Amino acid sequence: MDAKDFEKTELELNKIISAEPKNVNALFLLAKILGAQHRYQKAVEQFDILLEIVPDNPEVYLYLTRLYIQTKDYEMAEENGLKALSISPDDVEINFNVAFVYEKLGKFEKMVSFLKKTLELAPDYVEALNYLGYSYADKGINLDEALELIEKAIGLDPDSVYIRYCLGAVYF
C-alpha cells in the first residue's frame, strides 16, 4: 500500500468506527494500518480502545508487543507479550516474539526457554531454529546443538543466505 491507499483506508475505517464504535474488525485494521505507517502512539491508542471491547484477545497483545519492539520499548513489549501468553500460552508467534524481547532485554536463559517452547510447538519453525542455533554459536555454547538447529533450518529453507551466514558463526 502506498500513502494514498493508507489515507483512503484510514478514512473509510474511521467512517465505519464513527457509525459502529465497537466494530472490532475496523478498530483492529485501523490500529494495524497506523502501526504500518509508524504512527505508533496512535496505533497503541486504537489497540487500547480495542482492549476495552475485547480484553482477552491475545492477538491484540501480540500486536502491541510488536509495536513496542519496533519502538524499542522492550519493557512494554515484555508486559504485553506476557499478557498474550497468559491468554494463549501455546501460541507459536507469541512465544517467538517474547523470546525476541528477552534477547533484547539481555535475558538469555529466558530467551532460550521461549525459543525452545516455540520449537516444541512448531518443530520446523525456521526462524526459531536459526535464532536459537545462532544464539548458541554467538555465545560459543552448545555448538553441536547449534549446528543441528541451523542445519535443520537450512534443510527447510536452503536458499536463505542469512541462515547460511549463521552457519558460519558455528564454525567461527
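Please refer to the structure higher up on the page.
Treat the numbers as computed from the prediction; the structure is a model and nothing was measured.

*Asks:* Would you mind going over the overall build of the protein in detail, with residue names and values included?
*Replies:* Looking only at helices and strands, one finds ten helices and zero strands in the protein. Helices and strands in the protein line up, N terminus first, as α-α-α-α-α-α-α-α-α-α. A principal-axis box enclosing the C-alpha atoms of the protein has dimensions of 60 × 35 × 25 Å. When each of the 172 residues of the protein is scored for burial, the buried share is 42%. Here the analysis covers contacts within the protein between residues at least 6 apart in sequence; of these, 45% occur between residues at least 24 apart. Charged side chains of the protein number 18 positive and 30 negative; the gap between the two group centres comes to 4 Å.

*Asks:* Let's hear about the packing of helix α2 (residues 24–36) against helix α3 (residues 40–53): which residues, and what values?
*Replies:* Look at α2 against α3: their axes get within 8 Å of each other, and the N-to-C directions meet at 160°. Accordingly, the angle class assigned to the pair α2 and α3 is roughly antiparallel. With respect to the hand of their crossing, α2 and α3 are arranged in left-handed fashion. Touching V24, L27, F28, L30, A31, K32, L34 and G35 of α2 are Y40, K42, A43, Q46, F47, I49, L50 and I53, all from α3. Classifying every residue of the contact of α2 with α3 gives twelve nonpolar, two polar and two charged.

*Asks:* Lay out the nonpolar core with the relevant residues and their values.
*Replies:* Ranked by size, the top nonpolar core spans 57 residues in total, and within it F47, L64, M111 and L115 carry the most contacts. Discounting chain neighbours no more than four positions away, the residues touching L115 are F96, A99, A128, Y131 and L132.

*Asks:* Before we move on, can you summarise the pattern of salt bridges with the specific residues and values?
*Replies:* Side chains that differ in sign of charge can pair as their charged atoms come close. Following the criterion strictly, the structure yields seven salt bridges and no others. The closest approach of N and O atoms between E93 and R66, which form a salt bridge, is 3.1 Å. With E93 in helix α6 (residues 92–104) and R66 in helix α4 (residues 58–70), this residue pair connects regions lying 27 residues apart in the sequence. Relative accessible area serves as the criterion here: at 30%, E93 is assigned to the partly exposed category.

*Asks:* How would you explain α6 if you had to name every residue and give the values?
*Replies:* The α-helix winds at 3.6 residues per turn, so residues separated by three or four positions along the chain end up facing the same way. The terminal C-alpha atoms of α6 lie 19 Å apart, and with 13 residues this matches the ideal 18 Å at 1.5 Å per residue to within 8%. Among all positions of α6, only I94, N95, F96, N97, V98, A99, V101 and Y102 are buried. Two or three places before E93, at the start of α6, stands the capping residue D91, its side-chain oxygen 3.0 Å from that residue's backbone nitrogen.

*Asks:* Tell me about the packing of aromatic side chains, and please be specific about residues and values.
*Replies:* Tallied over the full model, the rule gives eight aromatic pairs. Residues F28 and F47 carry aromatic rings whose centres are separated by 5.8 Å and whose planes lie at 70° to one another, so their mutual orientation is edge-to-face. One end of the pair, F28, is in helix α2; the other, F47, is in helix α3, and 19 residues separate them in sequence. Here F28 matches F47 in class, with each residue buried. Between F96 and Y125 the ring centres are 5.0 Å apart and the planes differ by 25°, which places this aromatic pair in the stacked class. Remark: Y125 occurs in the loop between α7 (108–121) and α8 (126–139) and F96 occurs in helix α6; sequence separation between them is 29 residues.

*Asks:* Quick rundown of the side chain of N97? Include the residues and the values.
*Replies:* The residue N97 is located in helix α6 in this model. By relative accessible area, N97 is classed as buried at 10%. Apart from the residues lying within four places of it in its own chain, the contact partners of N97 are L62, T65, R66 and I69.

Rules used in this analysis
- Residues numbered from 1 in each chain as written.
- Predicted model: local features only at pLDDT ≥ 70, side-chain atom pairs only at ≥ 80, totals over all residues.
- Heavy atoms only, no water.
- Helix = DSSP H or I, 4+ residues; strand = E, 2+ residues; numbered from the N terminus.
- Buried < 20%, exposed > 50% of the residue type's maximum accessible area, 1.4 Å probe, protein only.
- Contact = heavy atoms within 4.5 Å.
- Lys, Arg positive; Asp, Glu negative; His and termini not counted.
- Charge placed at Lys NZ, Arg CZ, Asp CG, Glu CD.
- Axes fitted to C-alpha atoms, helices over the stretch in contact; angles between N-to-C directions.
- Parallel < 35°, antiparallel > 145°, perpendicular 65-115°, else oblique.
- Left-handed = near helix turned anticlockwise from the far one by under 90°.
- Nonpolar A, V, L, I, M, F, W, Y, C, P; charged D, E, K, R; others polar.
- Core = buried A, V, L, I, M, F, W, Y, C linked by side-chain atoms within 4.5 Å.
- Salt bridge = Lys/Arg side-chain N within 4 Å of Asp/Glu carboxyl O.
- Expected span 1.5 Å × (residues − 1).
- Polar contact = N/O pair within 3.5 Å; in protein donor to acceptor, adjacent residues only side chain to side chain.
- Phe/Tyr/Trp six-rings, centres within 6.5 Å; stacked < 30°, edge-to-face > 60°.

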